Amino acid sequence: METPEIHVEELKKDPEFLANIKRLEQECKEEESIAKGYQLLDAHLVIESPEDEINEVFTFIVNTAFDRLAEYLSTHRSFDVVNNVEERAIARAIYEHAIQRYSENDKKAAKEMFLVLYHTVDHEELKDAMMIHACAVMAGNSFENFIEEMVDVSEIDPNDPLAFFIQTFVQPNDILLAMFAKYVEQGKEELKVLEESK
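Not measured: the values here are computed from a predicted model. Note on numbering: residues in each chain are counted from 1, in written sequence order. Restriction of local features to residues with pLDDT of at least 70 applies here, the model being predicted, together with a cutoff of 80 or more for giving and counting side-chain atom pairs; totals for whole chains, interfaces and linings are based on all residues. With hydrogens and water stripped out, all remaining heavy atoms of the structure feed into the side-chain values.

S.K.: Any chance you could explain the pattern of salt bridges here in plain terms?
M.R.: A side chain of one charge can pair with a side chain of the opposite charge if their charged atoms are brought near each other. Any Lys or Arg side-chain nitrogen located within 4 Å of an Asp or Glu carboxyl oxygen qualifies as a salt bridge. All chains considered together, the criterion is met by 13 salt bridges. With its nearest N and O atoms 3.0 Å apart, the salt bridge here joins Lys36 to Glu27. Linked through salt bridges whose partners overlap, the residues forming this network are Arg23, Glu27, Glu31 and Lys36.

Okay, structure coming up:
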């Protein structure tokens, strides 16, 4: 099935599409919804909105996600990334921010965010994938090296709601976690602070 071609110039003038963007902006702010923030971001990207508008939405997504993360950590709740669209969007925003930090070589922040996701995500495979991300950082892998040498993108299912998260690697997860055993221990040690505050 072919995807219909998107005519950007027509969309920019389409009153219904523009009204939907306005409605989304309002709902986003009123509900502080990160999931709707992502819908809004997608709409702005499709019509190639000015960069400051795109950045404003992205800033809203990231700031709101970290506010929610703080709430979840203080109440010891985890993210249901399978059944809850909003919680999946929170985890995605934190993950994308962690990936950005990693790509900018801010390894300390990236590692901490991957570990926090490992701690807060309620999904075994995704937890393992987050630990592998954190271990790759701790082992000193550059972001480029991680993507080129460790990640396997051939198996990504575009219909998987968790496709935003890298979860497939050139080695099976259990083998990678065994190879990274000392970093897994180190990561779990660092997470004890969160465990002990329960």
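Moving on from the model shown.
S.K.: Would you explain the packing of aromatic side chains in this entry?
M.R.: The geometry of an aromatic ring pair is captured by two quantities: the separation of the ring centres and the angle between the planes. The pairing test for Phe, Tyr and Trp rings, Trp by its six-membered ring, is centres within 6.5 Å, and the orientation test on the planes gives stacked under 30 degrees, edge-to-face over 60, and tilted for anything in between. Per the stated rule, a full pass over the model turns up eight aromatic pairs. Look at Tyr102 and Phe114: their rings are 6.2 Å apart centre to centre, the planes differ by 75 degrees, and that puts the pair in the edge-to-face class. Pair noted here: Tyr102 is in helix α5 (residues 85–103) and Phe114 is in helix α6 (residues 107–120), with a separation of 12 residues, a long-range link. Take Tyr102 and Phe114: they sit in the same class, and that class is buried. With a centroid separation of 6.2 Å and an interplanar angle of 70 degrees, the aromatic rings of Phe180 and Tyr183 are classed as edge-to-face. Take Phe180 and Tyr183: they sit in the same class, and that class is buried. An aromatic cluster of three or more residues is present, and its members are Tyr95, Tyr102, Phe114, Phe143, Phe146, Phe165 and Phe169. Over the ring of Tyr38 we find Arg92, and its NZ or CZ is 3.6 Å from the ring centre. Between the NZ or CZ atom of Arg92 and the centre of the ring of Phe164, over which it lies, the distance is 3.5 Å. Numbering of helices and strands runs from the N terminus; a helix is a DSSP stretch of H or I covering at least four residues, while a strand is a stretch of E covering at least two. A simple rule labels every residue: compare its accessible area, found with a 1.4 Å probe on the protein chains alone, to the largest value its type can have, and call it buried under 20%, exposed over 50%, or partly exposed in between. In this scheme, Lys NZ or Arg CZ marks a charge over a ring once it lies within 6 Å of the ring centre and within 35 degrees of the ring normal.

S.K.: I keep staring at the nonpolar core and nothing clicks. Help me out?
M.R.: One recurring pattern in soluble globular proteins is that nonpolar side chains are buried together. To define a nonpolar core, start from buried Ala, Val, Leu, Ile, Met, Phe, Trp, Tyr and Cys residues and group those joined through side-chain atoms within 4.5 Å. Among the nonpolar cores identified, the biggest contains 62 residues, and Phe79, Phe114 and Met130 are the most heavily contacted of them. Considering each element in turn, this core owes the most residues, 10 residues, to helix α7 (residues 124–138). Excluding its chain neighbours within four sequence positions, the residues that come into contact with Met130 are Tyr95, Phe114, Leu117, Tyr118, Phe165 and Ile166. Only heavy atoms matter for contacts: two residues are in contact if any of them lie within 4.5 Å across the pair.

S.K.: Just to check I follow, could you spell out the packing of α5 against α6 for this structure?
M.R.: When two helices pack together, their arrangement is given by the angle between the helix axes and by the axis-to-axis distance. Helix axes are fitted to C-alpha atoms over the stretch in contact, other axes to C-alpha atoms as well, and angles between N-to-C directions run from 0 to 180 degrees. Running from N to C, α5 and α6 cross one another at 155 degrees; their axes reach a closest spacing of 8 Å. Judged by the angle between their axes, α5 and α6 are roughly antiparallel. Taken as a pair, α5 and α6 cross one another with a handedness that is left-handed. From α5, Ala91, Ile94, Tyr95, His97, Ala98, Ile99, Arg101 and Tyr102 reach across to α6, where they touch Lys107, Ala109, Ala110, Met113, Phe114 and Leu117. Classes in brief: Ala, Val, Leu, Ile, Met, Phe, Trp, Tyr, Cys and Pro nonpolar; Asp, Glu, Lys and Arg charged; the others, Gly included, polar. Partitioning the contact of α5 with α6 into residue classes produces 11 nonpolar, one polar and two charged. The scheme is simple: roughly parallel for angles under 35 degrees, roughly antiparallel for over 145, roughly perpendicular for 65 to 115, oblique for anything else. Crossing handedness follows the turn of the near helix against the far one: under a right angle anticlockwise gives a left-handed crossing, and clockwise gives a right-handed one.

S.K.: Help me understand the side chain of His119 in this model?
M.R.: Within the secondary structure, His119 is located in helix α6. We classify His119 as buried; its relative accessible area is 17%. When residues no more than four places from it in sequence are discounted, the contact partners of His119 are Leu73, Lys127, Leu191, Leu194 and Glu195.

S.K.: Help me out: how do you make sense of the environment of Ile132 in this one?
M.R.: Along the chain, the position of Ile132 falls in helix α7. For Ile132, a relative accessible area of 0% translates into the label buried. The spatial distance from the C-alpha of Ile132 to the C-alpha of Val184 is 8.2 Å, given a sequence separation of 52 residues.

S.K.: Just to check I follow, could you spell out the side chain of Ser33 for this structure?
M.R.: By the element assignment, Ser33 lies in the loop between α2 (15–31) and α3 (34–46). Residues contacting Ser33, with those up to four places away along its chain left out, are Cys28, Phe60 and Glu86.

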